[in-house]
Amino acid sequence: MQMTPVLEVKNVDFSYPDGTRALQSLSLGFARARRTVLLGRNGAGKSTLFALLNGLERPGRGEVCFDGVPVAYDRGSLRQLRRRVGVVFQDPDSQLFSASIREDVSFGPMNLNLSREEVGLRVEAALAAVNLTALAERPTHALSFGEKKRACIAGVLAMEPEVLILDEPNAGLDPPMTAELLSLLDTLHRRRVTVILATHDVDFAFAWADDICVLQEGALAFHGVADDYEAVGRSFPGLGLERPWVHEVFEELQRKGNIAGDRPPRSRAELLARLR
Amino acid sequence: MLFESYAYSNRWRLLHPVEKGLLSGFALIAALVAGSKLAALTVFFCLAALTICGAGIPLRVYLRLLLIPAGFLLAGVASLAISFGGGDIPLGTLPGFDLSVFLSQTGLEQATLVLARSLGAVAALYFLALTTPMTEIIGLLRRLRVPTLLLELMVLAYRQIFVLLQIASEMRVAQASRLGYATPGNSCRSLAALAANLYLRVHNRSRLLHRALVGRGYEDELRWLEPEYAYSSRNLFLITVAGCGFLTLALLLPV
């Protein structure tokens, strides 16, 4: 028997007031404590899905479930949902409201009605997790884009959600910062936090994720485990998506008999290790 | 932006904001009620000295910042000193009008007093602005029981000023790189487009910000953890002495 997904949308339709149909009969579940990457072109409905998962938007039809229970939209239920599901949006300047990083990070936990001591501890822990402790005294506008992005992540981490959703977290980050972000996400994963992440970077997705979902025009076009490389090979070209380069190189090497095993490596490092 | 960077980097950054606010408040009141030029100027020089020698703001920077209100001050003071139609010292007549311009003795007295008071008040406010970041000044106002709505507006407005400036400067650069400001005509059109676009962008941003705040549990009040500072009884004592000194001077010194 399959475990109940921690978050699930069932048969969800969503249209914006201007008539744009963003999601169409979308059904998709996210398993607890797994790393899921959501792929899809701009406008495929990724951000809309995230807004639904956090209760920021209400589906026109269908329902959103947390732990198998449909989300209600009264104040108390929404507060419960948002305590357990945290979303980091794309643009940091649209999320940081305060000129002080520390104040901004304390905003979420303060809304949880925790004691001041507890809020203080959580803020410091979240700042340390994203490596911002040393910069927390500086005003928000004096930080770089990557630092602001990390501040946004800290603001959500401080609420200690069970599910962390990140909308294109690596957009605009340089490679070392992306690596740092990845190690942070892996730490959270080890603590059994469910991480859902949207990106355009297919190689990154396959190097990191357990599960891969592809959205296309508001519908689910692919949902599988990242290791199922044959299914990816069957589906991705038809969806107009590039396959990860390690998969293609693996196939070529396999054809020539230069690599052992029947499963492609996940990353450059693994590929090189297997070639040695 | 100059205020900003010094507010975060001056030597007195970590002093309790209430202490700094108290001193600034005492000095401000003393400057505004000062009956004599001497008292007001004392406040000005004391606070300027504290800002420069104590908090370590470079003299040149301080003088440059004083130039900002200088224009307003001189214009205001000139209008007090000059009178039309009658006065003690004639300055001449306005060509084309049948009006004589005079400098009046009382007007001059009044003008110099106003100038001295304004300088004292400016020094008091500059002391606070140059030693205390805005977020802490807002924390200070919260202690003074300023209504929450007003404080939230201040927090949001203050942050958004920088966002707005950044968007505007990025848009301007993008326009300039496509010759948007090459001719006066282009400049007019570009500036109009920038203003219209800026409005839309800011509107969109505020929508996104609201959504992000709601996602973090915002209901109807912005709440955050205030940083904690230690009071220094020595400082409080010195500030009270200085404050009482200023007020005594202001009230007792003969005109």
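Residues numbered from 1 in each chain as written. Chains lettered and ligands numbered in written order. Predicted model: local features only at pLDDT ≥ 70, side-chain atom pairs only at ≥ 80, totals over all residues. Heavy atoms only, no water.

Asker: Summarise the overall build of chain A; cite the residues concerned and give the values.
Answerer: Assigned secondary structure in chain A consists of ten helices and ten strands. Each principal axis of the C-alpha atoms in chain A carries an extent, and together these give about 65 × 45 × 40 Å. Expressed as a percentage of the 276 residues in chain A, the buried residues total 54%. Surface summary for chain A: the accessible area is close to 12,100 Å², and the carbon and sulfur share equals 49%. (Helix = DSSP H or I, 4+ residues; strand = E, 2+ residues; numbered from the N terminus. Buried < 20%, exposed > 50% of the residue type's maximum accessible area, 1.4 Å probe, protein only. Areas by Shrake-Rupley, 256 points an atom, 1.4 Å probe, with all protein chains shown as cover.)

Asker: So what's going on with the side chain of Arg211 of chain B? Residues and values would help.
Answerer: As for its placement among the helices and strands, Arg211 of chain B is situated in helix α8 (residues 184-215). By relative accessible area, which is 17% here, Arg211 of chain B ends up buried. Among the polar contacts listed, one links the side chain of Arg211 of chain B to the side chain of Glu57 of chain A, at a separation of 2.4 Å. Setting aside residues up to four positions removed in sequence, Arg211 of chain B forms contacts with Ala51, Leu56, Glu57 and Phe89 of chain A. (Polar contact = N/O pair within 3.5 Å; in protein donor to acceptor, adjacent residues only side chain to side chain. Contact = heavy atoms within 4.5 Å.)

Asker: Before we move on, could you go through the nonpolar core and cite the residues and values that matter?
Answerer: All names here are of chain A. Judged by nonpolar contacts, the single largest core of 50 residues is most densely connected at Leu164, Leu185, Ile212 and Phe236. The element that contributes the greatest number of residues to this core is helix α5 (residues 145-157), accounting for six residues. Residues in contact with Phe236, not counting those within four places in the same chain, are Leu39, Val202, Phe206, Ile212, Val214, Phe222, Leu241, Glu242 and Arg243. In this structure, Phe14, Ala22, Phe89 and Leu215 belong to the second largest nonpolar core, which totals 43 residues. (Core = buried A, V, L, I, M, F, W, Y, C linked by side-chain atoms within 4.5 Å.)

Asker: I'd love a proper account of the environment of Gly56 of chain B, names of residues and values included.
Answerer: Residues and elements named next belong to chain B. Inspection of the secondary structure assignment puts Gly56 in the loop between α3 (37-54) and α4 (59-81). Placed 94 residues apart in sequence, Gly56 and Leu150 show a C-alpha to C-alpha distance of 32 Å. Setting aside residues up to four positions removed in sequence, Gly56 forms contacts with Arg11 and Thr51.

Asker: Could you give an account of the packing of helix α2 (residues 17-33) of chain B against helix α5 (residues 105-131) of chain B, with specific residues and numbers?
Answerer: All names here are of chain B. Between α2 and α5, the least distance of the axes is 7 Å, while the angle of their chain directions is 170°. In this view, α2 runs roughly antiparallel relative to α5, as classed from their interaxial angle. Facing Lys20, Gly21, Leu23, Ser24, Ala27, Leu28, Ala31, Leu32 and Val33 of α2, the residues of α5 in contact are Arg117, Gly120, Ala121, Ala124, Leu125, Phe127, Leu128 and Thr131. Here the contact of α2 with α5 is composed, by residue class, of eleven nonpolar, four polar and two charged. (Axes fitted to C-alpha atoms, helices over the stretch in contact; angles between N-to-C directions. Parallel < 35°, antiparallel > 145°, perpendicular 65-115°, else oblique. Nonpolar A, V, L, I, M, F, W, Y, C, P; charged D, E, K, R; others polar.)

Asker: I'd love a proper account of the interface of chain A and chain B, names of residues and values included.
Answerer: Listed as interface residues are 38 residues of chain A and, on the opposing side, 31 residues of chain B. When chain A packs against chain B, close to 3,200 Å² is buried across both sides, 53% of that on carbon and sulfur atoms. Among the residues of chain A in contact with chain B, Phe97, Glu103 and Phe107 of chain A are the three that bury the most area, contributing 22% of the side total. Linking chain A with chain B are nine salt bridges, by the criterion used here. Between Glu219 of chain B and Arg75 of chain A there is a salt bridge, and its shortest N-O distance comes to 3.8 Å. There are 17 residue pairs in polar contact (both at pLDDT 80 or more) connecting chain A and chain B. Counting residues per element, the ones that place at least two in the side of chain A that touches chain B are α2 (75-84), α3 (101-111), α4 (116-129) and α5 of chain A. When residues in the side of chain A that touches chain B are grouped by element, the largest group, eight residues, is from α3 of chain A. A breakdown of the residues in the side of chain A that touches chain B according to their chemical character gives 13 nonpolar, 13 polar and twelve charged. (Buried area = accessible area lost by both parts, 1.4 Å probe. Salt bridge = Lys/Arg side-chain N within 4 Å of Asp/Glu carboxyl O.)

Asker: Can you lay out unusual backbone geometry for me, pointing to particular residues and giving the numbers?
Answerer: Residue and element names in this part refer to chain A. The backbone phi angle of Ala33 is positive, close to 65°, even though this residue is not glycine. Unlike most non-glycine residues, Arg192 shows phi in positive territory, near 65°. As for its position among the elements, Arg192 is in the loop between α6 (175-190) and β8 (194-198).

Asker: So what's going on with α4 of chain A? Which residues, and what values?
Answerer: Residues and elements named next belong to chain A. In this model α4 runs 20 Å from its N-terminal to its C-terminal C-alpha over 14 residues, within 8% of the 20 Å that 1.5 Å per residue would give. Those residues of α4 that fall on the buried side of the exposure criterion are Val119, Gly120, Arg122, Val123, Ala126 and Leu127. The buried residues of α4 occupy an angular sector of 170° when projected down its axis, which confines them to one face. Projecting away from the buried face of α4 at angles above 90 degrees are the exposed residues Glu117 and Leu121. Those residues of α4 hidden inside the fold are in contact with α3 and α5. Asn131 lies just past α4 and shows a positive phi near 65°. (Expected span 1.5 Å × (residues − 1). Arc of directions from axis to C-beta.)

Asker: Give me the lowdown on the sheet that holds strand β1 (residues 82-84) of chain B, citing residues and values where you can.
Answerer: Residues and elements named next belong to chain B. Taken in spatial order, the three strands of this open sheet run β1-β3-β2, and their pairing is antiparallel. Bordering the open sheet on either side are β1 and β2 (89-93), each of which pairs with just one other strand. Shown here is a sheet whose adjacent strand axes are inclined to one another by a mean of 30°, direction ignored. Of the strand pairs in this sheet, β2 and strand β3 (residues 100-103) are connected by four bridges, and their pairing is antiparallel. Of the residues in β3, the one forming a bridge with Gly92 is Val101. (Pairing = 2+ DSSP bridges.)

Asker: Just give me the short version of the confidence of the model for chain B, but keep the residues and values in it.
Answerer: When pLDDT is averaged along chain B, the result is 87, and 100% of the positions lie at 70 or above. Here the predicted complex carries an ipTM of 0.79, next to a pTM of 0.82. (pLDDT = per-residue confidence, 0-100.)

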